[in-house]
Amino acid sequence: MEIGGLLEKLREEKPLVHHITNMVTMSECANVTLVAGGLPIMAHAPQEVAEMVSHAGALVLNIGTLTPAQVDAMVLAGRRANELGLPVVLDPVGAGATSLRSEAVKRLLKEIKISIIKGNEAEIAIMAGGAAEIKGVESINVSGDVVELAVSLARDTNAVVAVTGAVDRVTDGERMVEVANGNALMATVVGTGCMTASVMGCFAAVEKDTLKAAVAALVTFNVAAELAARNSDAPASFKSQLFDELYRLDEQTIRSRQNIKERMINQ
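The rules behind the values
- Residues numbered from 1 in each chain as written.
- Predicted model: local features only at pLDDT ≥ 70, side-chain atom pairs only at ≥ 80, totals over all residues.
- Heavy atoms only, no water.
- Helix = DSSP H or I, 4+ residues; strand = E, 2+ residues; numbered from the N terminus.
- Rg over C-alpha atoms; globule rule 2.2 N^0.38 Å.
- Buried < 20%, exposed > 50% of the residue type's maximum accessible area, 1.4 Å probe, protein only.
- Contact = heavy atoms within 4.5 Å.
- Core = buried A, V, L, I, M, F, W, Y, C linked by side-chain atoms within 4.5 Å.
- Pairing = 2+ DSSP bridges.
- Axes fitted to C-alpha atoms, helices over the stretch in contact; angles between N-to-C directions.
- Expected span 1.5 Å × (residues − 1).
- Polar contact = N/O pair within 3.5 Å; in protein donor to acceptor, adjacent residues only side chain to side chain.

K.L.:
Would you take a moment to explain the overall build of the protein chain for this structure?
P.N.:
Scanning the protein chain for helices and strands turns up 11 helices and 11 strands. Expected size for 267 residues packed as a compact globule is a radius of gyration near 18 Å; at 17 Å, the protein chain falls within 12% of this value. Its C-alpha atoms put the protein chain at 40 × 40 × 35 Å along the principal axes. For the protein chain, the proportion of its 267 residues judged to be buried stands at 53%. In the protein chain, 71% of the contacts between residues at least 6 apart in sequence involve partners at least 24 apart.

K.L.:
Even after reading the chapter, I still don't get the nonpolar core, so can you show me in this structure?
P.N.:
It is characteristic of soluble globular proteins that their nonpolar side chains tend to be buried jointly. Residues Phe203, Val215 and Phe238 are the most contacted members of the largest nonpolar core, which totals 49 residues. Counting residues per element, the ones that place at least two in this core are helix 1 (6-13), helix 2 (26-36), strand 8 (160-164), strand 10 (175-179), helix 8 (192-204), helix 9 (210-229) and helix 10 (235-248). For this core, the element with the highest residue contribution is helix 9, accounting for 15 residues. Apart from the residues lying within four places of it in its own chain, the contact partners of Phe203 are Leu6, Leu7, Leu10, Ala213, Ala216, Ala217 and Thr220.

K.L.:
What's the story with the sheet that holds strand 10 in this structure? I'm lost.
P.N.:
As a general point, the strands of a sheet are linked pairwise by backbone hydrogen bonds and lie either parallel or antiparallel. Strand order in the open sheet formed by 9 strands is 2-1-3-4-5-8-9-10-11, and the pairing between neighbours is mixed. The open sheet has two edge strands, strand 2 (39-42) and strand 11 (260-264), and neither has a second partner. Taking the axes of each pair of neighbouring strands and ignoring which way they run, one obtains an average angle of 20 degrees across the sheet. Note that strand 4 (residues 88-91) and strand 5 (residues 116-120) share 2 bridges and pair parallel.

K.L.:
Would you mind showing me how to read unusual backbone geometry here?
P.N.:
Leaving glycine out, the prevailing phi sign among residues is negative, and the prevailing peptide bond configuration is trans. Here the phi dihedral of Lys14 falls at roughly 50 degrees; this positive angle occurs in a residue that is not glycine. Summarising the element assignment, Lys14 is placed in the loop between helix 1 and strand 1 (16-20).

K.L.:
Sorry if this is basic, but what is going on with the environment of Glu121 here?
P.N.:
With respect to the secondary-structure elements, Glu121 resides in helix 6 (residues 121-127). Linking Glu121 and Ala150, residues 29 residues apart in sequence, is a C-alpha distance of 8.8 Å.

K.L.:
Looking at this structure, how should I read the pairing of strand 9 (residues 168-171)?
P.N.:
Successive side chains on a regular strand alternate, one facing one side of the sheet and the next facing the other. As paired elements, strand 8 and strand 9 share 3 bridges and run antiparallel to each other. Paired with Val163 across the two strands is Arg169, which belongs to strand 9. Adjacent in sequence and paired antiparallel, strand 8 and strand 9 are bridged by 3 residues. Summarising the sheet, strand 9 and strand 10 pair through 4 bridges and their orientation is antiparallel. Note on strand 10: the bridge partner recorded for Arg169 is Glu178. Hairpin connection, strand 9 to strand 10: the antiparallel pair is bridged by 3 residues, and Gly173 has positive phi, about 95 degrees.

K.L.:
What is the right way to read helix 7 (residues 146-157) from this model?
P.N.:
At 3.6 residues per turn, the α-helix brings residues three or four places apart onto the same side. Along its 12 residues, helix 7 runs 16 Å from first to last C-alpha, staying within 8% of the 16 Å computed at 1.5 Å per residue. Three or more residues of helix 7 are buried, namely Val146, Val147, Leu149, Ala150, Val151, Leu153, Ala154 and Thr157. Capping of helix 7 at its N-terminal end is provided by Asp145; its side-chain oxygen lies 2.8 Å from the backbone amide nitrogen of Val147. Of the residues flanking the end of helix 7, it is Asn158, one or two places downstream, whose phi is positive at about 55 degrees.

Everything listed here is a matter of coordinates, which is why it stays silent on function.
Here you go:
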């Protein structure tokens, strides 16, 4: 898969990425959107979300610090994004951990056309109807084949499904792409998953092939993490270096370091 040129396109177009997101990681998501090349806006009030998303290139929904009112705002924004043909990225943080989160995800999938679903193995497995153990927002154990579950979810929702882990897997139900870039220090910083969804929103705003956009986002963010880890061996300094390396990243570096495998899925 050729993802070259997308980072440059993102930085040229500077799309506005509307977030209704996690209060714990809101600042990190705003910063990562900016250093990647997009423009962040965090607007949650139901009275303005439909109007705000009308000015955006993509919408990112993150249920990390969920409230019923926030779900209502997500539905309003998502419906307007659908009307305008804008991509919607869903990060189902902690799906399956509580009934509120599980029901919220079901409602969002029912009432909004989601373009990309990004989650860890447990979140994706639970959304696909499988069995998994999740502790807070952390994936502990998954029963069954997560690849098969991701493919099933993609086909059921007509969305691209991105499963993050030691090796990230992205599928649209027909194609499967594995992304083996990244660094273990990413797991020591709160918010790297949320930031990944924000970067996906950036790329989806400038690339109509949402599978390609999701892969480009993962490669870009994970390569930045690899570079950050060269100058850091602890969480705080790694987080700072991650933003700096993403800001400095160029297409040539992405091409030289990307580690992806693509295959068609047997029907």
